[in-house]
Amino acid sequence: MVAPSRLPSHEEQSAAAAADGSATPSQGIPVVDLGVLINGAADERSRAIRDLGRACEDWGFFMVTNHGVPEALREAIMDACKELFRLPLEEKKEYMRAKPMDPIRIGTGFYSVVDAVPCRRDYLKMFSHPEFHCPEKPAKLREIATEYATCTRALLLELTKAISESLGLAGGRLSEALNLESCFQILVGNHYPACSRPDEQAMGLSAHSDHGLLTLLFQNGVDGLQVKHDGEWLLAKPLPGSFFVIAGDQLEIVTNGRYKGVLHRAVVGGEQSRMSFVSLIGPCMDTVVEPLPEMAADGRGLEFRGIRYRDYMEMQQSNSINEKTALDIVRVMHQAG
Ligand SMILES: O=C(O)CCC(=O)C(=O)O
Ligand SMILES: [Fe+2]
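Keep in mind that what you see is a predicted model, and the values were worked out from it rather than measured.

Criteria and cut-off values
Residues numbered from 1 in each chain as written. Chains lettered and ligands numbered in written order. Predicted model: local features only at pLDDT ≥ 70, side-chain atom pairs only at ≥ 80, totals over all residues. Heavy atoms only, no water. Donors = N, O, S within 2.8 Å, 3.2 Å for Na, K, Ca; no water. Buried < 20%, exposed > 50% of the residue type's maximum accessible area, 1.4 Å probe, protein only. UniProt positions renumbered as here; feature names shortened; annotations may be inferred. Helix = DSSP H or I, 4+ residues; strand = E, 2+ residues; numbered from the N terminus. Contact = heavy atoms within 4.5 Å. Phe/Tyr/Trp six-rings, centres within 6.5 Å; stacked < 30°, edge-to-face > 60°. Near = heavy atom within 4 Å. Polar contact = N/O pair within 3.5 Å; in protein donor to acceptor, adjacent residues only side chain to side chain. Areas by Shrake-Rupley, 256 points an atom, 1.4 Å probe, with all protein chains shown as cover. Nonpolar A, V, L, I, M, F, W, Y, C, P; charged D, E, K, R; others polar.

### Quick notes on the coordination of the iron ion (ligand 2)
Reference values for angles at a metal are 109.5 degrees in the four-donor tetrahedral case and 90 or 180 degrees in the six-donor octahedral case.
Okay, step 1: Looking at the metal site, the iron ion (ligand 2) is ligated by His208 (NE2), Asp210 (OD) and His264 (NE2), spaced 2.1 to 2.2 Å from it.
Okay, step 2: Sequence positions of the residues that donate to the iron ion (ligand 2) give the spacing H-x1-D-x53-H. No difference in accessibility class separates histidine 208 from aspartate 210, as the two residues are buried.

This is how it looks when you write it as structure tokens:
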């Protein structure tokens, strides 16, 4: 996908300038080739697992290529989502009253009831696993979303297996600890309206980390996702056809802080409207997530206490969005000395 030309915001310009120093076209963002992880020769595969581990440890963010999700399916889900946003308000009203833990929710901002700063985002959120939920209209949405959810869930579970191996654990270890056979999955469509006279304060979505384990994201060819890396905001530009993968809070908890949920945000300010589509997996909602004992074996002690994923998600989704403060609720404060 080629990004259409448009007016960048000042923030995007400075982020792009900050990124200029790096050598690769993807500003140094790590790239994970799923084809190698699944079918690579042993030595190639172990190198890819090592690189994946480094990507999780140093960035909490990477791109995945050769992922097997057809481009036509990505276009179809984006189109269906666009159609939903265009429906008359009357058709969406029922879902606009929904609360954070309701399975279908349409809204603006993060959670407009509590938003401290306005965010210029419209969203559709639908829980897709273990139970699949979907608005009735547009009619084509159900079939497309079912296929998209299945396909991206398989991809995210495959990545989780490789991430487990990158920690020196068995491929199934994370899945077993988090009961991923009944993993939670949510699909989110985001729309950021065009804005030709950018207000310096306006954010599409303020800085946050995601509540789940892993988030898969692609966009409509318009950039706007920024990730914080080494203390700098960096505008993420995808390789054509790739997905972004964002490490979430549950990965940070279960790895005892070795892999971190990455801080990210969406900026607005261009003449093109932007859309992104998210597929996120988390532990089984009833699982109490806590650091794996193997991850605290170095005598470092536990960085987090256990929390039921459902309670964590509800707390994170019901409060105003504020960087990584949600994670502080479960952080263990070690005594100095
Ligand atoms: O639209 C984007 O690029 C970011 C969306 C996001 O962070 C989210 O939905 O959690
Ligand atoms: Fe996010």
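### Description of the UniProt feature "binding site: Fe cation" in the protein
Okay, step 1: The residues that UniProt annotates with the feature "binding site: Fe cation" are His208, Asp210 and His264. Spanning 57 residues, the named residues nonetheless gather at one spot, since no C-alpha pair among them exceeds 8.7 Å.
Okay, step 2: Along the chain, aspartate 210 turns up in the loop between β6 (203-208) and β7 (214-219).
Okay, step 3: Once you skip the residues sitting within four places of it in the chain, aspartate 210 turns out to touch Thr215, Ile246, Gly248, Asp249, His264, Leu280 and Gln316.
Okay, step 4: Tracing the sequence through the fold places histidine 264 in strand β11 (residues 264-267).
Okay, step 5: According to the relative accessible area criterion, histidine 264 is buried, its value standing at 4%.
Okay, step 6: In this view, histidine 264 contacts Ser206, Ala207, His208, Ser209, Asp210, Leu225, Gln226, Val227, Trp233 and Ile246; residues no more than four positions away in its chain are not counted.

### A few points about the packing of aromatic side chains
The geometry of an aromatic ring pair is captured by the separation of the ring centres together with the interplanar angle, meaning the angle of the planes.
Okay, step 1: In the structure shown here, the tally under the stated rule is 6 aromatic pairs.
Okay, step 2: The interplanar angle of 85° and the centroid separation of 4.8 Å between the aromatic rings of phenylalanine 127 and phenylalanine 184 together place this pair among those described as edge-to-face. Of this pair, phenylalanine 127 sits in strand β4 (residues 122-129) while phenylalanine 184 sits in strand β5 (residues 184-192), and the two are 57 residues apart along the sequence. There is no split in this pair, since phenylalanine 127 and phenylalanine 184 are both buried.
Okay, step 3: Geometrically, the ring pair formed by tyrosine 148 and phenylalanine 277 is edge-to-face, given 5.4 Å between the ring centres and 85° between the ring planes. Of this pair, tyrosine 148 sits in helix α6 (residues 141-166) while phenylalanine 277 sits in strand β12 (residues 274-282); the two residues are 129 residues apart in sequence, bridging distant segments of the chain.

### Digging into the site of ligand 1
Okay, step 1: Taken together, Arg121, Asn190, Tyr192, Leu205, His208, Asp210, Leu217, Leu225, His264, Arg274, Ser276 and Val278 make up the full set of residues near ligand 1.
Okay, step 2: Within the contact set of ligand 1, an oxygen atom lies 3.3 Å away from a side-chain nitrogen or oxygen of aspartate 210.
Okay, step 3: Against a free-state accessible area of 290 Å², the protein chains account for coverage of 94% of ligand 1.
Okay, step 4: Taken together, the elements giving at least two residues each to the shell around ligand 1 come down to β5, β6 and β12.
Okay, step 5: Grouping the amino acids of the shell around ligand 1 by side-chain chemistry returns 5 nonpolar, 4 polar and 3 charged.

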